[in-house]
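# Fold and contact review
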Protein chains: 2
Amino acid sequence: MSSASPLEKERKQASFDVRSMTYLLEGGEEKCKRREKVRKYVEEDPVFRNDDRYTLDRYSLYKRGLEKSKHLVNRVQEIGLGNREDLEVFWDAVDMNLPTNLHYAMFVPTIMGQASVEQQSEWLPLALPFKIYGTYAQTELGHGTNVAGIETTATYDKSTKEFVINSPTVTSTKWWPGGLGKTSTHCVLMARLIIDDKDYGVHAFYVQLRSLEDHMPLPGITLGDIGPKMGYEAVDNGYLRFDHVRIPLFNMLAKYAQVSEDGVYSKPPHDKLSYGTMVFVRAHLIATASVTLSRAITIAIRYSAVRKQGYVIGAEKKGEEMTVLDFGLQQARLFPMLAESYALHFTGAFMKKFYVTVTSGIQQGNFDQLAEMHATAAGLKAYSTWKVSNGIEECRKSCGGHGYLLVSGLVHLFADYVPACTYEGDNYVLIQQTVKYLFKICESIQRQEKVTVESVSYLVEQEDPSLHTSSKQKVNWCDPNVQLKLLKLRAKRLVWEIFDEYSALVQSGLEPSQAWNRMQPLYPRAVNAHCVLYIASCFIDGVKSTNESSPSLVPVLARLSNFYILHQIEQSMVDFVEVGMISREQQLQIRQQKQTLMSEIRPDAVPLVDAFNHSDHLLNSALGRYDGRVYEALLESTKNEPLNHTPVPRGYEEFIRPMVHSKL
Amino acid sequence: MSSASPLEKERKQASFDVRSMTYLLEGGEEKCKRREKVRKYVEEDPVFRNDDRYTLDRYSLYKRGLEKSKHLVNRVQEIGLGNREDLEVFWDAVDMNLPTNLHYAMFVPTIMGQASVEQQSEWLPLALPFKIYGTYAQTELGHGTNVAGIETTATYDKSTKEFVINSPTVTSTKWWPGGLGKTSTHCVLMARLIIDDKDYGVHAFYVQLRSLEDHMPLPGITLGDIGPKMGYEAVDNGYLRFDHVRIPLFNMLAKYAQVSEDGVYSKPPHDKLSYGTMVFVRAHLIATASVTLSRAITIAIRYSAVRKQGYVIGAEKKGEEMTVLDFGLQQARLFPMLAESYALHFTGAFMKKFYVTVTSGIQQGNFDQLAEMHATAAGLKAYSTWKVSNGIEECRKSCGGHGYLLVSGLVHLFADYVPACTYEGDNYVLIQQTVKYLFKICESIQRQEKVTVESVSYLVEQEDPSLHTSSKQKVNWCDPNVQLKLLKLRAKRLVWEIFDEYSALVQSGLEPSQAWNRMQPLYPRAVNAHCVLYIASCFIDGVKSTNESSPSLVPVLARLSNFYILHQIEQSMVDFVEVGMISREQQLQIRQQKQTLMSEIRPDAVPLVDAFNHSDHLLNSALGRYDGRVYEALLESTKNEPLNHTPVPRGYEEFIRPMVHSKL
Ligand SMILES: Cc1cc2nc3c(=O)[nH]c(=O)nc-3n(C[C@H](O)[C@H](O)[C@H](O)COP(=O)(O)OP(=O)(O)OC[C@H]3O[C@@H](n4cnc5c(N)ncnc54)[C@H](O)[C@@H]3O)c2cc1C
Ligand SMILES: Cc1cc2nc3c(=O)[nH]c(=O)nc-3n(C[C@H](O)[C@H](O)[C@H](O)COP(=O)(O)OP(=O)(O)OC[C@H]3O[C@@H](n4cnc5c(N)ncnc54)[C@H](O)[C@@H]3O)c2cc1C
């Protein structure tokens, strides 16, 4: 069976140099090697082993999470990992959501971003070396999306120069913050600022939750874990209630908004300033999306190249069974996700660069691009988190029954990833922000204003009709110009259509909000068109610039880019057909072109996933192993199952034996 | 807040009598009441409580599974539940996949179906009162879909009149059978029958696995649990290896195939005989699909009617927050699944009746309908398991962050249901069986044979062009005749297209199997068209017959039927647009019609899910409670979380305190 791994044969077929591709994906040879070195620290460290992840109960996983958290801090110091990038690589390699994640990810950054210099100098010396553990407490039982609706109050008491923190309702209970339940000693708390009965809206406060002596909750504070979830087993997402708890005036984060001792409020200078972090986080989410999908597809493609099962109908029992990756359906299911992983890689890389540009723009007082960045990041965050979570699940299904086992690695990958559709902005809420921005551009175009932002310039471009079906000339579907033209024409039409329809509803006398609500179901389609155009542009540009750095990689990347784009077009064929942009004959041409691309991609499939450079440690998958020894790994994995630690199970004497030995 | 439940207000809006609808769904008043009585036995029984399901570790859940298994047997005897239907209701109400499920579901039925009378009289007196526990061991590490490829051998030894059972390879390890790991004492084993070096293919054997004395595995047998999975935590799906284990000749299941003492093999009379059970199981799966989806949509709609969050863009901060069920997008996401639940209900009911007809046909030697039933059940099984698993996940996402908690009830519902896409035939394999059948019909039509099977008669019906876009007349989209005509025309075209293309490929010299493989990616679309037509017909017929029994329910059911069908048409709009069946103007009409239906369905949404009659026990969901007190239930649920049983968590002394108190 798998003694001589079928993967070796696959690897020999590569049309390109895998290592060069890895360098490209990891940002160059030097960077790649540095990363590999950092990852090794984790992978060779027994404390960071993760083969126990699938069999430990939740309490033990939480404890392992604490253990890894502490060890991480110690090891990073010992090794002397200085720069942020190394730290991130180290962190990613640890590959488990830890109870202390929010300390790094939100608590410290919020203090750095929103606390005054004075506050920072007081709190950071505690927070940075973990003399306190912090989290970010925003969401409540009753309010997640609508942050402005948060109910926890911080009422200023002039007489004592304190805020009184209170949870006035059941729904005001803080609910979800990571690490809040059992780990954190402190939090940044989002609460309504009340001064003299006047409500100034939601502000951030620094609040101690537990005693540093014995870790007991402080008086007036009730808190705990919110209970088991799909993933994140090691994280103690928590709840938190306050019964008139007093904190000093000093504890309101005061970089932007302030309250004076006698209760005078001064508001922040610019309300867009807090956008920055949010946009950064979303830009980051897009890069993560690519990495996550690439893990799933690595497992699915390797397993599909090892798995042999049955025959094509019409060839029953002729010779060796089919490698399932050779089934037309299996390719049609998996290759789009392979291409998508690469597409999102180039998009994520572009977004990171774009973020830097925008930030420097802001420093010069230019907020134009911020709005674009914000709208695009919102749409792309929704697009990519949907694609990737659906993609992981499809990868899992493509492994047949074995995908259903936790040791497939795909179950946790999904469970840990899918909340990204909900947090950092619920996707259905986010796409409306993209629409809102696009509508603004439409309005400014109607006012004859010039569109200066490139990514939405398609909304005003003149249509070139040469692609219409009336013209019988053969189209080169792999020409990026043709592709972009199609995608632009589509996006332009769909955006203008919803804009015009919305405007007409408003004109006809409907309340704008009612018109908006009625139009909502049409937004996903238009935002999808906008996002696909954006991603396709990034992919095409990415391939182009590879032509300079690593020309030998261009053919295989171009194939993926073409496949990605043609697949997107096929998926939304109605958008093109209903206005006669693509004729029936051309539909067939596109299908045939895709078919050709599929057979060209097939021999590179395993090398293309190898290039992602995911270690066996990180994949943590019996099915996705580099050596392809899946069956041995599955059998071996059963040793970790607690049920197997005794030949006769607990419960036998009580429940099985009495039946077997009954006199009935 | 939830003090006066918003659900009460919703319930007052009902346009129909909920109880009457429940009677319709449960098969009449009498049956409904009987079922409710049976369910009460379970729901009021502390042993069957399930509020511990989300927090127990796997080992404890397995033990609880054994406890419930035993209690179930005892209670059923005490109560004196005689008929199969009551038993099923009881079983369903227990609502956890038990370690002993396969004993009832496969072991006993296989013995009844495939063992000789002599064998039955020996084994059933042990199996029926649980003096032995059995499972059905078919799938191996290396073979699931391709049953014919199974590697376990049963070699007949004439000298001792025994079979020698052996696992010759790693991949021949049995892998997956429910209850095999720790619970079962026996199994029906599928193994290759070998006599005098000749391989007679896969046959069924009765094999003892564990001692009835002390439950230890018998000599030569290695077995255990295959480890944790997505769902089914209480079930010990197992692995099993044989090292030359001997069983008597008597133990080969001998109703159809036999081996004589001197090793002469006689084969079964008709190879379609084993089809029956498979088809029955799949027909049953379609009814289950409806019930499962209806649970998910009950939770999602109730929660969406309770949850208030934010405002529509354009109405920010005006008055009370929106009930999320009033967002256009939320309705567009949820109502299709509400309609789908009803659609699948009528389809499932029809399939069960159809099964009875077919079975009596077979008794008269008529296998025609068996082929149709088999093909349709295969396609519908794939269609419905996909729809329902995707639907549950969409319901979960529609609950925002709280959907991610296990106490939402939606996480386990998905995990326990989604393997239905893979077992009882992998969906991608099944749809090919449907295509194969449809191709046969196409061939017989080409040979000018008459099509006698109604469900595929659309393949030969004459096209009436009056719906074409050229005709400007207004179409009544809620006319079932119009709807069926559209769906038939579509299915006809799509099936003939793939058939013609396949035939052309073969004609052009391609191997049939190669042609088939190349065509594979096109099959899901055609099978979808076939299935949607089938379901739409069942739904329309179902509404029609309701007109006789409960006319007052017709308006609301007709709305759901129309909504289901128009939604399906919209989802596959390209199928209609690309051949000019539906014009752009008509597309808009359909959209507006759907919009109207959505607003008509809205006030009935909660009553329509109430009608499914799922108890709080069964939903086991903090979000889907009948009383709508979701926030109180969420808070309450945290008490079950083991992490909350001590104020300071395990691991504090070891991992948190040293950091907080370090001298650094
Ligand atoms: C694993 C996980 C970790 C988390 N960690 C943290 C954390 O560390 N700190 C923290 O503060 N929070 C955290 N959260 C909470 C998270 O931020 C919220 O769950 C998220 O913001 C969604 O809000 P919600 O739950 O209120 O959903 P809701 O807004 O209540 O959504 C319910 C439904 O309504 C729909 N909906 C809402 N508004 C609209 C609209 N305007 N138009 C159309 N439809 C709408 C949504 O699409 C959804 O279907 C976490 C959540 C999860 C799942
Ligand atoms: C929860 C659970 C419980 C189970 N319980 C039992 C049990 O009690 N007893 C038992 O015997 N078994 C059981 N099974 C096993 C189950 O029957 C198999 O997993 C199932 O038959 C699928 O087979 P496979 O795993 O070999 O998938 P494979 O056939 O290996 O599928 C792998 C991939 O190849 C694709 N593929 C396969 N053939 C084709 C084709 N011809 N054309 C195109 N694509 C193809 C599939 O779509 C899939 O994507 C269980 C499985 C699960 C998940």
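Residues numbered from 1 in each chain as written. Chains lettered and ligands numbered in written order. Predicted model: local features only at pLDDT ≥ 70, side-chain atom pairs only at ≥ 80, totals over all residues. Heavy atoms only, no water.

In plain terms, the rule: UniProt positions are given in the numbering used here, feature names are shortened, and annotations may be inferred rather than shown by experiment.
Within an unreviewed UniProt entry, the label attached to chain A reads Acyl-coenzyme A oxidase, and the organism entered is Vannella robusta. The UniProt entry for chain A carries this comment under Sequence similarities (unreviewed entry): "Belongs to the acyl-CoA oxidase family." Quoted straight from UniProt, the Subcellular location (unreviewed entry) entry for chain A says "Peroxisome".

## Here's the deal with the domain arrangement of chain A
Residues and elements named next belong to chain A. Cut-off, in case you're wondering: An automatic or database domain assignment supplies the start and end points of every domain. Pairs of residues are marked as contacts when any of their non-hydrogen atoms sit within 4.5 Å. What gets called buried area is simply the loss in accessible area from a 1.4 Å probe that two parts show on being joined, summed for both. Salt bridge criterion: a side-chain nitrogen from Lys or Arg within 4 Å of a carboxyl oxygen from Asp or Glu. Polar contact criterion, stated in full: a pair of N or O atoms within 3.5 Å, where within protein one must be able to donate a hydrogen and the other to accept it, and residues adjacent in sequence count only if both atoms are side-chain atoms. The nonpolar class holds Ala, Val, Leu, Ile, Met, Phe, Trp, Tyr, Cys and Pro. Asp, Glu, Lys and Arg form the charged class, and all remaining residues, Gly among them, are polar.
One can read the domain layout of chain A as domain 1 (133–268) and domain 2 (282–310 + 320–450 + 479–639). Each of domain 1 and domain 2 was reduced to a C-alpha centroid, and the two centroids are 38 Å apart. Contacts between the two partners involve five residues from domain 1, matched on the other side by nine residues from domain 2. For the pairing of domain 1 and domain 2, the buried interface totals around 500 Å² over both sides, and the portion due to carbon and sulfur atoms is 58%. When the buried area of domain 1 at its contact with domain 2 is split by residue, Thr145, Met230 and Tyr232 rank highest and sum to 78% of it. One can count zero salt bridges joining domain 1 with domain 2. For the pair domain 1 and domain 2, the interface holds three residue pairs in polar contact (both at pLDDT 80 or more). Of the residues contributing to the side of domain 1 that touches domain 2, the split by class is two nonpolar, two polar and one charged.

## What to know about the site of ligand 1
Which entries qualify depends on this criterion: To be near a molecule or strand, a residue needs just one of its heavy atoms within 4 Å of it. Per-residue accessibility takes into account occlusion by the displayed protein chains alone, with areas from the Shrake-Rupley method and a 1.4 Å probe. Elements are defined by DSSP. Helices are runs of H or I of four residues or more, strands are runs of E of two residues or more, and each kind is numbered from the N terminus.
Contacts to ligand 1 come from 30 residues, most closely from Thr139(A), Thr145(A), Asp426(A), Arg307(B) and Gly401(B). The environment of ligand 1 is shared, with nearby residues belonging to chains A and B. Contacts to ligand 1 include Gln330(B), whose side-chain N or O atom sits 2.9 Å from an oxygen atom. When the free accessible area of ligand 1 is taken as 980 Å², the share hidden by the protein chains comes to 93%. Per-element accounting of the shell around ligand 1 gives the leading share, three residues, to helix α12 (residues 427–446) of chain A. Broken down by class, the residue content of the shell around ligand 1 amounts to 12 nonpolar, 14 polar and four charged.

## Quick word on the packing of helix α13 (residues 480–507) of chain A against helix α15 (residues 523–549) of chain A
Residues and elements named next belong to chain A. Quick reminder of the rule: Where helices are involved, their axes are fitted lines through C-alpha atoms of the stretch in contact, as for all axes, and angles between N-to-C directions lie from 0 to 180°. In this scheme, roughly parallel covers angles under 35 degrees and roughly antiparallel covers those over 145, while 65 to 115 is roughly perpendicular and the rest are oblique. A clockwise turn of the near helix away from the far one marks a right-handed crossing, whereas an anticlockwise turn of less than a right angle marks a left-handed crossing.
Close contact between α13 and α15 brings their axes to 9 Å; oriented N to C, the two are set at 155°. Classed by the angle they form, the pair α13 and α15 counts as roughly antiparallel. Where α13 crosses over α15, the two elements pack in a sense that is left-handed. Contacts between α13 and α15 pair Pro480, Gln483, Leu484, Leu487, Lys488, Arg490, Ala491, Arg493, Leu494, Ile498 and Tyr502 from the former with Tyr523, Arg525, Ala526, Asn528, Ala529, His530, Val532, Leu533, Ala536, Ser537 and Ile540 from the latter.

## Some points on helix α7 (residues 117–127) of chain A
Side chains of residues three or four places apart in an α-helix project in the same direction, reflecting 3.6 residues per turn. Residues and elements named next belong to chain A. The condition that has to hold: Burial here depends on accessible area, computed with a 1.4 Å probe over protein chains only, as a share of the maximum for the residue type. Under 20% is buried, over 50% is exposed, and the range in between is partly exposed. Directions from the helix axis toward the C-beta atoms define the arc.
Every buried residue of α7 is accounted for by Gln119, Gln120, Trp123, Leu124 and Ala127. Seen end-on, α7 carries its buried residues on one side only, within an arc spanning 105°. For α7, the exposed residues lying more than 90 degrees away from the buried face are Glu118 and Ser121. For α7, the elements touching its buried residues are α6 (101–114) and β6 (198–208).

## Re the sheet that holds strand β4 (residues 174–175) of chain A
Residue and element names in this part refer to chain A. Selection rule: Following DSSP output, two strands are said to pair if at least two bridges run between them.
Here we have three strands laid out as an open sheet, ordered β4-β8-β7, and antiparallel in their pairing. Edge strands, defined here as strands with exactly one partner in the open sheet, are β4 and β7 (221–225). Alignment of β7 against strand β8 (residues 238–242), held across five bridges, turns out to be antiparallel. Its bridge partner being in β8, Gly224 is matched across the sheet by Tyr239.

## Re the site of ligand 2
Among the 30 residues in the neighbourhood of ligand 2, the closest are listed as Arg307(A), Gly401(A), Thr139(B), Thr145(B) and Asp426(B). In this structure ligand 2 sits where residues from chains A and B come together. One of the side-chain nitrogen or oxygen atoms of Gln330(A) is found 2.9 Å away from an oxygen atom of ligand 2. Here ligand 2 has 970 Å² of accessible area as a free molecule, and 93% of this is covered by the chains. Counting only elements with at least two residues in the shell around ligand 2, the list comes to α9 (328–363) and α10 (368–398) of chain A together with α12 (427–446) of chain B.

## Some thoughts on helix α5 (residues 84–94) of chain A
Residues and elements named next belong to chain A. Those residues of α5 not exposed but buried are Asp86, Val89, Phe90, Ala93 and Val94. Each buried residue of α5 sits inside an arc of 140° when the element is viewed along its axis, so together they form one side. Exposed residues lying more than 90 degrees from the buried face of α5 are Arg84 and Asp92. The secondary structure elements touched by the buried residues of α5 are α3 (29–43), α4 (58–79) and α20 (616–619). The distance from a side-chain oxygen at the start of α5 to the backbone nitrogen of Glu85 is 3.0 Å, and the residue carrying that oxygen is Asn83. Just downstream of α5, Asp95 is the residue with a positive phi angle, here 60°.

## Section: the interface of chain B and chain A
Facing 144 residues of chain B, the contacting portion of chain A comprises 143 residues. With both chains or domains summed, chain B and chain A bury close to 12300 Å², and 64% of this area falls on carbon and sulfur atoms. In this structure, the connection of chain B to chain A is made through eight salt bridges. Note that Glu641(B) and Arg58(A) form a salt bridge whose closest N and O atoms lie 2.9 Å from each other. Our count for the contact surface shared by chain B and chain A stands at 65 residue pairs in polar contact (both at pLDDT 80 or more). The dominant element in the side of chain B that touches chain A, judged by the number of residues it contributes, is helix α4 (residues 58–79) of chain B, at 11 residues. A breakdown of the residues in the side of chain B that touches chain A according to their chemical character gives 65 nonpolar, 37 polar and 42 charged.

## Section: the UniProt feature "domain: Acyl-CoA oxidase/dehydrogenase middle" (unreviewed entry) in chain A
The UniProt entry lists residues 136–245 of chain A under the feature "domain: Acyl-CoA oxidase/dehydrogenase middle" (unreviewed entry), expressed in the numbering used here. Helix makes up 0% of residues 136–245 of chain A and strand 42%, with an end-to-end C-alpha separation of 18 Å.

## Brief notes about the packing of aromatic side chains
Heads up, the rule is: Ring pairs are drawn from Phe, Tyr and Trp, using the six-membered ring of Trp, whenever the two centres fall within 6.5 Å, and their geometry is named by plane angle: stacked under 30 degrees, edge-to-face over 60, tilted for the rest. For a Lys NZ or an Arg CZ to count as sitting over a ring, it must be within 6 Å of the ring centre and within 35 degrees of the ring normal.
Enumeration over the complete set of coordinates arrives at 52 aromatic pairs over all chains. Centroid distance Phe539(B) to Tyr564(B): 6.3 Å. Interplanar angle 55°. Geometry classified as tilted. Here the residue Phe539(B) occupies a position in helix α15 (residues 523–549), and Tyr564(B) occupies one in helix α16 (residues 554–571), the gap between them amounting to 25 residues. Using a relative accessible area of 0% as the deciding quantity, one classes Phe539(B) as buried. The structure contains a cluster of three or more aromatic residues connected by ring pairs, namely Phe439(A), Trp496(A), Phe499(A), Tyr502(A), Trp516(A) and Tyr523(A). A cation over a ring is seen here: Arg11(A) above Tyr626(A), with NZ or CZ 3.5 Å from the ring centre.

## Focus on the UniProt feature "domain: Acyl-CoA oxidase C-terminal" (unreviewed entry) in chain A
Mapped onto this numbering, the UniProt entry annotates "domain: Acyl-CoA oxidase C-terminal" (unreviewed entry) at residues 479–660 of chain A. Structurally, residues 479–660 of chain A is divided into 72% helix and 0% strand, and its ends, taken at the C-alpha atoms, are 72 Å apart.

## Observations concerning the pattern of salt bridges
Side-chain pairs of opposite charge can arise whenever the charged atoms involved come near each other. All chains considered together, the criterion is met by 96 salt bridges over all chains. Salt-bridge contacts for Lys488(A) lead to Glu461(A); the nearest nitrogen and oxygen are separated by 3.6 Å. Placement of the pair is Lys488(A) in helix α13 and Glu461(A) in the loop between α12 and α13, with a sequence separation of 27 residues. Put simply, Arg559(A) and Glu600(A) hold a salt bridge, and the shortest N to O gap is 3.5 Å. Here Arg559(A), found in helix α16 (residues 554–571), pairs with Glu600(A), found in helix α18 (residues 584–601); they are 41 residues apart in sequence, far enough to count as distant. Here Glu600(A) falls in the partly exposed class, since its relative accessible area comes to 35%. Each member of the salt-bridge network shares a partner with another, and the members are Arg490(A), Arg493(A), Glu497(A), Arg525(A), Asp575(A), Glu578(A) and Arg584(B).

## Looking at the relation of the copies chain B and chain A
Convention followed: Overlaid copies result from least-squares superposition on C-alpha atoms, with residues included only where pLDDT is at least 70 in both.
At an RMSD of 0.1 Å, chain B and chain A line up after a rotation of 180° and a shift of 0.0 Å along the axis. The symmetry that links the two subunits is that of a two-fold axis. Residues of chain B ranked by C-alpha distance from the rotation axis are headed by Val574(B), positioned 2.3 Å from it. Here 98% of the contact residues of chain B are again contact residues in chain A; the copies associate through an equivalent surface.

## Some details on unusual backbone geometry
Here the phi dihedral of Asp196(A) falls at roughly 50°; this positive angle occurs in a residue that is not glycine. The residue Asp196(A) is located in the loop between β5 (186–195) and β6 in this model. With phi around 55°, Lys161(B) is a residue other than glycine that occupies positive phi space. For Lys161(B), the position within the fold is in the loop between β2 (153–157) and β3 (162–166). Residue classification places Lys161(B) among the partly exposed residues on the basis of a relative accessible area of 36%.

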